[in-house]
Amino acid sequence: NPLSDAESKSIIEVFKKLNYKNKSDYIYLCAWIAQAQIFGALDWRFQMWITGPRGSGKTEILKMISSLVFSGEIYQSVTSASIRQHLKSNSVPMIIDEAEPNNFESKRRMDSVIELIRQCSSRMNTKSLRGTASGDALEYNINSCFMLSSIQSYLPTMADHSRFFEVEMMAN
């Protein structure tokens, strides 16, 4: 059910009180929550990356956000293939914790995930095709918005920087 104006304002007030490096970053979190409610209806969706030192509350913030969005599950150790197979042609938001590329293998995995997220930022009515060992191609049309969390962000290209808002948390 839709929240009343007072209930909505109380959510904003809670997010205002968190320990951000830039005090106005609560606006980006609230905006991401709002866009996540309307799924893939937007022609352009911005992505979010929450960073901060260990113990700064990143996972707790993800838990709060996941309770406010439809199908707000939190995932870890995802791959681009697992995201495609999970979402198929859906547009529900994806919340990914521990998105840190700590070694060569996890960096390669995150490169692939970031590439998928880059493709999901705009709705161009394009589809992704993936071949299978059986010779049958699988078709995907993902229009999701993504929120990632890690100690530091990992945005390999300028195109990624233009698609993500980075929110940095301070140590508690």
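Given the structure is predicted, the values throughout are model-derived calculations rather than measurements.

Draft legend 1. Molecular detail of the overall build of the chain. What the chain contains, in helices and strands, is six helices and seven strands. In summary, the chain has a C-alpha radius of gyration of 16 Å against a globular reference of 16 Å for 172 residues, a match within 12%. If you line up the chain on its principal axes, its C-alpha atoms span 55 × 40 × 25 Å. Across the 172 residues that make up the chain, the buried fraction comes to 40%. Here the contacts in the chain between residues at least 6 apart in sequence split such that 73% fall between residues at least 24 apart. Surface summary for the chain: the accessible area is close to 9,600 Å², and the carbon and sulfur share equals 52%.

Draft legend 2. Region of interest: the pattern of salt bridges. Tallying each qualifying case throughout the model produces five salt bridges. As a salt-bridge pair, Glu13 and Lys16 come within 3.6 Å of each other at their nearest N and O atoms. With a gap of three residues between them, Glu13 and Lys16 both fall in helix H1 (residues 5-16), about one helical turn apart. Take Glu13: its relative accessible area is 29%, and that puts it in the partly exposed class. Judged by relative accessible area, Lys16 falls into the partly exposed class, the value being 37%. Across the salt bridge formed by Lys63 and Glu60, the nearest N and O atoms sit 3.2 Å from each other. Taken together, the residues span about one helical turn, with Lys63 and Glu60 both in helix H3 (residues 58-66) at a distance of three residues. Given a relative accessible area of 45%, Lys63 falls into the partly exposed group.

Draft legend 3. Expanded view of the state of the cysteines. For the structure shown, the criterion picks out zero disulfides. The structure places no disulfide on Cys30, whose sulfur is separated from the nearest cysteine sulfur, that of Cys145, by 14 Å. Sulfur of Cys145: no disulfide; nearest cysteine sulfur belongs to Cys120 and is 9.7 Å away. Classification of Cys145 by relative accessible area gives buried; the value is 1%.

Draft legend 4. Inspection of the packing of helix H4 (residues 80-87) against helix H5 (residues 104-120) at higher detail. Axis separation between H4 and H5 bottoms out at 8 Å; the angle between their running directions is 40°. Considered as vectors, H4 and H5 are oriented oblique to each other. Side by side, H4 and H5 meet where Ser80, Ile83 and Arg84 of the first sit next to Ser112, Val113 and Leu116 of the second. When grouped by side-chain class, the residues that make up the contact of H4 with H5 number three nonpolar, two polar and one charged.

Draft legend 5. Structural context of unusual backbone geometry. Positive phi outside glycine occurs at Ser71, with the angle close to 55°. Mapped onto the fold, Ser71 is located in the loop between H3 and strand S2 (74-75). By relative accessible area, which is 32% here, Ser71 ends up partly exposed. For Ser77, which is not glycine, the phi torsion reads 50° and is therefore positive. One can find Ser77 in the loop between S2 and H4. Taking the relative accessible area as the measure of exposure, Ser77 reaches 61% and is therefore exposed.

Parameters and conventions
- Residues numbered from 1 in each chain as written.
- Predicted model: local features only at pLDDT ≥ 70, side-chain atom pairs only at ≥ 80, totals over all residues.
- Heavy atoms only, no water.
- Helix = DSSP H or I, 4+ residues; strand = E, 2+ residues; numbered from the N terminus.
- Rg over C-alpha atoms; globule rule 2.2 N^0.38 Å.
- Buried < 20%, exposed > 50% of the residue type's maximum accessible area, 1.4 Å probe, protein only.
- Contact = heavy atoms within 4.5 Å.
- Areas by Shrake-Rupley, 256 points an atom, 1.4 Å probe, with all protein chains shown as cover.
- Salt bridge = Lys/Arg side-chain N within 4 Å of Asp/Glu carboxyl O.
- Disulfide = S-S within 2.5 Å.
- Axes fitted to C-alpha atoms, helices over the stretch in contact; angles between N-to-C directions.
- Parallel < 35°, antiparallel > 145°, perpendicular 65-115°, else oblique.
- Nonpolar A, V, L, I, M, F, W, Y, C, P; charged D, E, K, R; others polar.

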